[in-house]
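# Geometric and topological summary
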Amino acid sequence: MAVATMVQVAVAMLSDLGLRPAAIQSPLGDQRNYLDSAWTLQFLHGLLIWAACLCVGYLISVAQSQDLMAAGSVYNESALPAVIAVSSFSSVIAGLQSTKVITAYRRLELGRLTAIELVAQCAGLGVAVVLAVQTRSVWSFVFATLCSAALTTALSFLWLSGRGNRFRLDRDCVRDLIRFGKWVMLSSTFTVVASNGDRILLAGWVGPATLGLYILSFNLVSMLEGAGSRLFHSVAVPALSQIRRESPEGLAQAYWRLRLPFDVLFVTAAGAIFATGDVLVAVLYDSRYEAAGSMLKILSFSLLFSRFGIFANVYFAMGEPRILTAFNFVRGLSIFLLLPIGYLLFDMDGAVWAVALHGAPSFLLLLFFQVRHRLNNLKLELLVLLAWPLGYVAGLSAEWMLSPVVSCPNWPIGDSVVA
């Protein structure tokens, strides 16, 4: 299921036209012709994703029949092509989602959108649990995915106010959407490269156990980035788009007002995770995962730079997706340049440091664009770094409180980490 999801997400991002952010920021975004055109392109994009995933599934089945897949690997599982084919049909269902969602984002009416998402996720989880208990099969997750997509699409029509949609392609509207979308597609391509470059390279250099520890540490750190990115894109981008349309002179002030809570959270978390990395892993996992603690501490520094990837989305709101494309290109280039150098010079520790710091060049690029668009505030950029030592002190306090628990004889990892 993880492989099937990876295939679908990669195909979706590599063909992403950015229809939703395009319509959210566009002055034409409330016109019926524009929304119908966006809805039609959205549905065609869903069909394209499904067709591409069917091709990938077919190629895997051919490779399996020719014994080209390693025995015992996930890629050699006979059910994998079918799982990819069926689960990716959710993209077609999602492609029918009403553009009332776009209208709600433009108007910052986020209550119903949040309710729809929560209901769909809970329903999908419920289906997955019930079917898994009954069947013990991966297909329980496949059908749960389809159920969640279908419910989200249905509720987008039933729970949100506004007009329905019909298939229509207005030439001027399509031209406006594609003008914005071509840069989003290129940006998404670089995002796929930047997001997966570490795993692509490390998988060829280290064993599965070491790679597993790295991915575990990386996921613990990236959860915060993922949540922050989702919140900023859902709330801040529509808000900034509205300000740009109605009172552009207040954009810089609004940008920093929205940024500061994210900045403080990320920088504070970086200091706290650096202080508690070993103990945090000891609390969550048994002694087999002890080595992940040092990786987690190094990767905590990535939060100092990954937050700028979230803030770069402000250029969606400004109608400048080219800047985000350049930002993601530098991120992708940095990971493929710095990670091999770090690994060759300092082995796995050097590779992890390269991942943690590869966002520095893209940060410098973002500073350049902030100055160019008068969004810079060097004083706040420096002041927010004071949150790191505060997070570190808070982390030390948390470590002191958790130490008795971890050193308890009945705790899986024992007292090795504390010692």
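None of these values were measured; they are calculated from a predicted model.

## Let's talk about the state of the cysteines
- For the structure on display, the rule yields zero disulfides.
- No disulfide involves Cys53; its nearest neighbouring cysteine sulfur is the one of Cys55, lying 9.2 Å away.
- Of the residues examined, Cys55 reaches a relative accessible area of 49% and is grouped as partly exposed.

## Description of the packing of aromatic side chains
- Under the definition given, this model contains 16 aromatic pairs.
- Centroid distance Trp50 to Phe89: 4.9 Å. Interplanar angle 75 degrees. Geometry classified as edge-to-face. Here the residue Trp50 occupies a position in helix H3 (residues 32-65), and Phe89 occupies one in the loop between helix H4 (80-87) and helix H5 (90-95), the gap between them amounting to 39 residues.
- An aromatic cluster is built from Phe274, Phe301, Trp353, Trp388 and Tyr392, whose rings are joined through pairwise contacts.

## Some points on the pattern of salt bridges
- In total, this model carries seven salt bridges according to the counting rule given.
- Its salt-bridge partner being Arg106, residue Asp30 comes within 3.2 Å of it at the nearest N-O pair. In this pair, Asp30 is assigned in the loop between helix H2 (19-25) and H3 and Arg106 in helix H6 (residues 100-106), connecting sequence segments 76 residues apart.
- Residue classification places Asp30 among the partly exposed residues on the basis of a relative accessible area of 46%.
- When the shortest N-O distance is used, the salt bridge between Asp286 and Arg288 registers 2.9 Å.
- Taking the relative accessible area as the measure of exposure, Arg288 reaches 62% and is therefore exposed.
- Each of Arg259, Asp263, Arg307 and Glu381 takes part in one network of salt bridges that share partners.

## A few points about the nonpolar core
- Counting 83 residues, the largest nonpolar core has Leu202, Tyr214, Phe232, Leu240, Tyr315, Leu339 and Met348 as its most contacted members.
- The dominant element in this core, judged by the number of residues it contributes, is helix H15 (residues 321-357), at twelve residues.
- Residue contacts for Tyr315: discarding those within four places in its chain leaves Glu320, Pro321, Ile323, Leu366, Phe369, Gln370, His373 and Leu375.

## A few points about the side chain of Thr40
- Within the element layout of this structure, Thr40 appears in helix H3.
- At a separation of 2.9 Å, a polar atom in the side chain of Thr40 contacts the main-chain carbonyl oxygen of Asp36.
- Setting aside residues no more than four positions away along its own chain, Thr40 makes contact with Arg166, Phe167, Arg168 and Leu169.

## Description of a nonpolar patch on the surface
- Together, Phe329, Leu333, Leu337 and Leu338 line one region of the surface with nonpolar side chains, adding up to about 350 Å² of accessible area.
- Structurally, Leu337 is set in helix H15.
- Exposure remark for Leu337: the relative accessible area of 49% places this residue in the partly exposed category.

## What about helix H8 (residues 139-158)?
- Look at H8: 28 Å from first C-alpha to last across 20 residues, which is about the 28 Å you get at 1.5 Å a residue.
- Taken together, the buried positions of H8 are occupied by Ser140, Val142, Ala144, Leu146, Ser148, Ala149, Thr153, Leu155 and Ser156.
- Those residues of H8 hidden inside the fold are in contact with H4, H5, H6 and helix H7 (110-135).

## Considerations on the environment of Gly277
- Structurally, Gly277 can be placed in helix H11 (residues 251-284).
- Gly277 sits 184 residues away from Ile93 along the chain, and the two C-alpha atoms are 41 Å apart.
- Discounting residues that sit within four places of it in the chain, Gly277 has contacts with Gly293, Leu296 and Lys297.

## Concerning the packing of H11 against helix H12 (residues 292-299)
- H12 packs onto H11 with a crossing angle of 160 degrees between their chain directions and a minimal axis gap of 8 Å. The orientation of H11 with respect to H12, classified from their angle, is roughly antiparallel. You can see that H11 and H12 cross each other, and the crossing is right-handed. Along the contact surface, H11 presents Ile273, Phe274, Gly277, Asp278, Leu280 and Val281, while H12 presents Ala292, Gly293, Ser294, Leu296 and Lys297.
- Residues that form the contact of H11 with H12 fall into these classes: six nonpolar, three polar and two charged.

## Quick notes on the packing of H15 against helix H16 (residues 360-372)
- At their nearest, the axes of H15 and H16 sit 7 Å apart, and the two run at 150 degrees to each other. Here H15 lies roughly antiparallel to H16, going by the angle between them. Residue-level contacts link Ile323, Ala326, Phe327, Val330, Arg331, Ser334 and Leu357 of H15 to Ala360, Pro361, Ser362, Phe363, Leu365, Leu366 and Phe369 of H16.
- For the contact of H15 with H16, the per-class residue count stands at eleven nonpolar, two polar and one charged.

## Quick word on the layout of surface pockets
- Taken as a whole, the second largest pocket spans an internal volume of roughly 190 Å³.
- Lining the second largest pocket we find 13 residues, and of these Asp30, Leu35, Thr103, Gly162 and Arg163 sit closest to its centre.
- Contributing elements (two or more residues each) for the lining of the second largest pocket: H3 and H6.
- It is H3 that contributes the most residues to the lining of the second largest pocket, three residues altogether.
- Considering only residue class, the lining of the second largest pocket consists of one nonpolar, six polar and six charged.

Procedures and definitions
Starting from 1, residues in each chain are numbered consecutively following that chain's sequence as written. Since the coordinates come from a predicted model, pLDDT governs what is reported: local features require at least 70, and pairs of side-chain atoms require 80 or more to be given and counted, while whole-chain, interface and lining totals use all residues. Hydrogens and water molecules were not included; the side-chain quantities draw on all heavy atoms of the structure. Two cysteine sulfur atoms make up a disulfide if the distance between them is within 2.5 Å. Residue exposure (1.4 Å probe, protein chains only): buried if accessible area is under 20% of the type maximum, exposed if over 50%, otherwise partly exposed. Classification of ring pairs uses Phe, Tyr and Trp, with its six-membered ring standing for Trp, and accepts pairs whose centres are within 6.5 Å; under 30 degrees between planes counts as stacked, over 60 as edge-to-face, and the remaining range as tilted. Strands are runs of DSSP state E lasting at least 2 residues, helices are runs of H or I lasting at least 4, and numbering of each runs from the N terminus. Here, a salt bridge means any side-chain nitrogen of Lys or Arg that lies within 4 Å of a carboxyl oxygen of Asp or Glu. By nonpolar core we mean a set of buried residues, namely Ala, Val, Leu, Ile, Met, Phe, Trp, Tyr and Cys, connected to one another through side-chain atoms within 4.5 Å. Contacts are assigned to residue pairs with any non-hydrogen atoms lying within 4.5 Å of each other. Counted as a polar contact is a pair of N or O atoms within 3.5 Å, where, for protein atoms, one must be capable of donating a hydrogen and the other of accepting one, and residues adjacent in sequence contribute only when both atoms are in side chains. Note that patches include only residues with greater than 30% relative accessible area and no salt bridge, and the join distances are 9 Å for like charges and 5 Å for nonpolar side chains (Val, Leu, Ile, Met, Phe, Trp, Tyr). Using a 1.4 Å probe, the Shrake-Rupley method yields the accessible areas, and only the shown protein chains count as cover for residues. Given a helix with a known number of residues, its expected span is that number minus one, times 1.5 Å. Axes, fitted as lines to C-alpha atoms, cover a helix only where it is in contact. Angles between the N-to-C directions of the axes lie from 0 to 180 degrees. Working rule for angles: under 35 degrees goes down as roughly parallel, over 145 as roughly antiparallel, 65 to 115 as roughly perpendicular, anything else as oblique. Working rule for handedness: look at the near helix, and if it is turned counterclockwise from the far one by less than a right angle, call the crossing left-handed; if clockwise, right-handed. Under the grouping applied here, Gly and all other residues not named as nonpolar or charged are polar, the nonpolar ones being Ala, Val, Leu, Ile, Met, Phe, Trp, Tyr, Cys and Pro and the charged ones Asp, Glu, Lys and Arg. Using only the protein atoms, space was sampled on a 1 Å grid; points where a 1.4 Å probe fits but cannot get out form cavities, open sets with protein on both sides within 12 Å along at least five of seven lines form pockets, and lining residues are those with an atom within 4 Å of a point. Grid points are joined across faces, edges and corners, and a volume is the space filled by probe spheres set on the points.

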